[in-house]
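Observations on the three-dimensional arrangement
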Amino acid sequence: MQHTAAAWLEIALAVRVFGPDAVRGCRRLLTVGVRIGIAQLAGARTPARSTEPDQEAL
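Residues numbered from 1 in each chain as written. Predicted model: local features only at pLDDT ≥ 70, side-chain atom pairs only at ≥ 80, totals over all residues. Heavy atoms only, no water.

Attention shifts here to the overall build of the chain. Along its length, the chain carries 1 helix and 0 strands. The burial tally for the chain puts 0% of its 58 residues in the buried class. Accessible surface computed for the chain: about 6100 Å², of which carbon and sulfur atoms make up 62%. (Helix = DSSP H or I, 4+ residues; strand = E, 2+ residues; numbered from the N terminus. Buried < 20%, exposed > 50% of the residue type's maximum accessible area, 1.4 Å probe, protein only. Areas by Shrake-Rupley, 256 points an atom, 1.4 Å probe, with all protein chains shown as cover.)

This is the structure:
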């Protein structure tokens, strides 16, 4: 498959025009994924110590 100079120019122009939007969209998706992951981790956490006094210790 051979590309002419005009085809390469069109490809370069498309990358220049749509590249920043694609990068911004990927960053936004990653940010949302991190927020969802943090929310799931925070919701699934169990406390390391109980705040209630132990009844068995008496």
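Under the criterion given, the structure shown has 1 salt bridge. Here R24 makes a salt bridge to D21, at a shortest N to O gap of 3.0 Å. With R24 and D21 both in helix α1 (residues 5-43) and 3 residues apart, the pair spans about one turn of that helix. (Salt bridge = Lys/Arg side-chain N within 4 Å of Asp/Glu carboxyl O.)

The subject of this paragraph is α1. Taking 1.5 Å of rise per residue, 39 residues should cover 57 Å, and α1 covers 55 Å from first to last C-alpha, within 8% of that figure. Along α1, the sharpest change in direction is near 45° and occurs at F18; proline P20 comes one to four residues later. By the criterion of burial, α1 is predominantly exposed, with just 0 of the 39 residues buried. (Expected span 1.5 Å × (residues − 1). Bend = angle between axes of the 7 residues up to and from the residue.)

A few words on a nonpolar patch on the surface. Residues W8, I11 and V15 make up a contiguous nonpolar surface patch of about 320 Å² in total accessible area. Counting through the fold element by element, V15 comes out in helix α1. Relative accessible area serves as the criterion here: at 56%, V15 is assigned to the exposed category. (Patch = residues over 30% accessible without salt bridge, like charges linked within 9 Å, V, L, I, M, F, W, Y side chains within 5 Å.)

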